[in-house]
Structures are given as C-alpha cells and as structure tokens.
Amino acid sequence: LPPTYGMYKVLANTNAIENKEVLLVDDFQLDVNAILAEVDANTKLIFICSPNNPTGNLIASKAIETILSSFNGIIVIDEAYIDFAEAESWTTRLQEFQNLIVTQTLSKAYGMAGIRLGMCFASKEIISILNKIKPPYNVNVLTQQVALKRILEEENVQLEITKLISEREKLMNQLNTINFINHSYKTDANFILVKVDDANKRYKQLIENGIVIRNRSTQPLCENTLRFTVGTASENEKLITTLKSISKS
Ligand SMILES: *Cc1c(COP(=O)(O)O)cnc(C)c1O
C-alpha cells in the first residue's frame, strides 16, 4: 500500500510472488474499498505498515478492522515503529482476529538493527504453520544474549524513547520555521517527512554538509519529500543550523 516500506515488494519479487499495489489516499490513510476491490482468489496476504514508513502516520483502526473482517486471508501489520506511537499495539487484538499477524523488531526503538532480531505475533494456528516452514536453525546465541541484556534494561529503553519523542516535537517545531519546507507531516515514528521546494537540491546540499537523510521523492504521492530521522539533541541542532544556512541559497 504505497508509499510504504519497500521490502514487502522486494521479498515478493525474489520469491516470484505477484505483488499488487493500492495507493494510500488523503493523509496517507487506507482506501479500504479500493483495497478490497483488488482482492481476488489468489490474494493471500495484505501488508499494512502502522506507523507507516516513510510517512510516519498511524493507520486508522476502523479501516484496519474493516479489512480484517472482510478479507479472507492474512493481514500482516508491521509495527516496526509502534514504540514511538501513542496508539496501542495490535497485539492486544489477536484474540479477536484469527487472520492477524503483527510484526515488531529490535531494530528501531531498541536501537539494535545489527543483531537482526524481530518478532511475530499471531494465533496458534498461524504460528504452528510458520514453525513448519521455517528453517530448522534458530536465532543465533550471540543475538539472543545481546537481546536479553537489552530487554532486561527495559527502563533505559523507555527513557530513550521518551527523550526521542520530546526531541521529535522540538525538531518538528524548528523544521516548520525553515523557509523551503512547505509542510511537515504528523508523525508517530522516529522520523519526520517534510515537503520541500526542491528535494534533490536540498538533499545534495545536506550531503555536502556531511548530513545524510532520505530523499523519498521517487515514492508515489511523495514528490519533493525528505525524511529526517530524529537524532540526538546535538545532531538535531546541527541539522537545524545547516538547514538555516542552506535556506539562504
Ligand atoms: C526497519 C523496518 C523494519 C524491520 O527492519 P529489520 O531491521 O529487518 O527488523 C520493518 N518494517 C519497517 C516499516 C521498517 O522501517
């Protein structure tokens, strides 16, 4: 459901699985009727990313509920950014929906992308099928050890998340003062998507100043957009100073 995370399409392609796309609509929400209209006898999975990447918004629960109860297949809700969101996780709704899979990861709020560990939550029936088709090799011991250590310091993780969210609000306010930023989108993730005058030009200027962000302009509905990941206080300050100085050209 673009604009969204690119890996679903990549994995479908490498597994020779047909991938259908239905664009998001106003405020990057689901077009429920269009999605259900695209479903045919071969449609097995629908991927919904909430909060969505690169747009940052949560997907409205009502729309997801409608799809969960109308679609005779599996819905995967990708919650990679759920720790930064106000909303409750869909893991709390698993009893209600037998066709729901929720995925999460230690790569974002837990800051451990390098250990390659994620989680999948679903009904017993779905998990038992996944257990049958998964390779016999399990999560490696080094990853397990590092993940356990991190999970045991959950309080620190929560403090970091709180800090990131307050930095996010500060950064959002400051981005809104930059003259070439025309709009900043509401976000429930650890990044902010903005619309600018000329994304390629601004991206290049930032690179020249040693700052790497994401230029999302080639994604549908994302013309001239840039995605800023919320950094530490000093990284965010450096970003704003640089944006102010390049805004003069
Ligand atoms: C980062 C990300 C993931 C997961 O990344 P892994 O490092 O593979 O766990 C999943 N979905 C979205 C939308 C992401 O941005």
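Let me begin by describing the structure that accompanies this report. Quick caveat, the model's predicted, so the values are computed rather than measured.

Below, the discussion takes up the environment of P220. In this structure, P220 sits in the loop between strand 7 (214–215) and strand 8 (225–229). Taking the relative accessible area as the measure of exposure, P220 reaches 31% and is therefore partly exposed. Taking the C-alpha atoms as reference points, P220 and I101, separated by 119 residues in sequence, lie 26 Å from one another. Among all residues touching P220, those that are not within four sequence positions of it are P2, P3 and L23.

Before going further, it helps to examine the nonpolar core. Ranked by internal contacts, the top residues of the largest apolar core, which has 35 residues, are L175, V194, L206, F228 and L243. At the level of secondary structure, the elements contributing two or more residues to this core comprise helix 6 (154–175), strand 6 (191–196), helix 7 (199–208), strand 8 and helix 8 (233–246). With six residues, the top contributor of residues to this core is helix 6. Counting residues in hydrophobic clusters, the runner-up holds 24 residues, among them L30, I59, W90 and Y185.

This paragraph deals with the packing of helix 5 (residues 141–152) against helix 6. Remark: helix 5 packs on helix 6, axes separated minimally by 5 Å, with the N-to-C direction vectors making an angle of 70 degrees. In terms of their interaxial angle, helix 5 and helix 6 are classed as roughly perpendicular. Residues R150, I151 and L152 of helix 5 touch helix 6, and the partners they reach there are E154, V157 and E160.

The next thing to look at is the sheet that holds strand 7. Across the sheet, which stays open at both edges, the four strands sit in the order 5-6-8-7 with antiparallel pairing between neighbours. For this open sheet the edge positions go to strand 5 (181–184) and strand 7, each flanked by a neighbour on one side alone. Across three bridges, the pairing between strand 5 and strand 6 is antiparallel. From the neighbouring strand, I181 faces strand 6, where its bridge partner is V196. Packing against the sheet, helix 7 makes contact with strand 6, strand 7 and strand 8, and its axis sits at approximately 35 degrees to strand 8.

Attention shifts here to the environment of G210. For G210, the position within the fold is in the loop between helix 7 and strand 7. Owing to a relative accessible area of 56%, G210 belongs among the exposed residues under this scheme. Taking C-alpha positions, G210 is 24 Å from K163, a pair spaced 47 residues apart along the chain.

So, on to the pairing of strand 8. Burial within strand 8 is extensive, with four of its five residues counted as buried. Sheet topology places strand 6 next to strand 8; five bridges connect them, and they run antiparallel. Bridge assignment links K195 to a residue of strand 8, and that residue is T225. Across two bridges, the pairing between strand 7 and strand 8 is antiparallel. When the bridges of strand 8 are listed, R214 appears paired with R227.

What follows is about the packing of helix 6 against helix 8. In the contact formed by helix 6 and helix 8, the axes pass within 11 Å of each other and the chain directions differ by 5 degrees. Viewed along their axes, helix 6 and helix 8 adopt a mutual orientation that is roughly parallel. Each of E167, L171, Q174 and L175 in helix 6 lies in contact with helix 8, whose residues at this interface are A233, N236, L239, I240 and L243. The class makeup of the residues in the contact of helix 6 with helix 8 is six nonpolar, two polar and one charged.

This brings us to the site of the ligand. Around the ligand, the neighbouring residues are Y5, C49, N53, D78, A80, Y81, T105, S107, K108 and R116. With respect to the ligand, the side chain of N53 contributes an N or O atom lying 3.0 Å from an oxygen atom. Taking Y81, its side chain carries an N or O atom lying 2.6 Å from an oxygen atom of the ligand. Burial of the ligand by the protein amounts to 81% of the accessible area it has alone, namely 380 Å². Across the shell around the ligand, the residue classes break down as four nonpolar, three polar and three charged.

As enumerated under the stated definition, the model contains four aromatic pairs in all. Summarising the aromatic geometry, the rings of Y5 and Y8 are spaced 5.5 Å apart at their centres and angled 75 degrees between planes, so their arrangement reads as edge-to-face. The exposure class assigned to Y8 is buried, which follows from its relative accessible area of 15%. Aromatic pair Y8 and F47: ring centres 4.6 Å apart, planes at 15 degrees, arrangement stacked.

About the thresholds
Residues numbered from 1 in each chain as written. Predicted model: local features only at pLDDT ≥ 70, side-chain atom pairs only at ≥ 80, totals over all residues. Heavy atoms only, no water. Helix = DSSP H or I, 4+ residues; strand = E, 2+ residues; numbered from the N terminus. Buried < 20%, exposed > 50% of the residue type's maximum accessible area, 1.4 Å probe, protein only. Contact = heavy atoms within 4.5 Å. Core = buried A, V, L, I, M, F, W, Y, C linked by side-chain atoms within 4.5 Å. Axes fitted to C-alpha atoms, helices over the stretch in contact; angles between N-to-C directions. Parallel < 35°, antiparallel > 145°, perpendicular 65-115°, else oblique. Pairing = 2+ DSSP bridges. Nonpolar A, V, L, I, M, F, W, Y, C, P; charged D, E, K, R; others polar. Near = heavy atom within 4 Å. Polar contact = N/O pair within 3.5 Å; in protein donor to acceptor, adjacent residues only side chain to side chain. Areas by Shrake-Rupley, 256 points an atom, 1.4 Å probe, with all protein chains shown as cover. Phe/Tyr/Trp six-rings, centres within 6.5 Å; stacked < 30°, edge-to-face > 60°.

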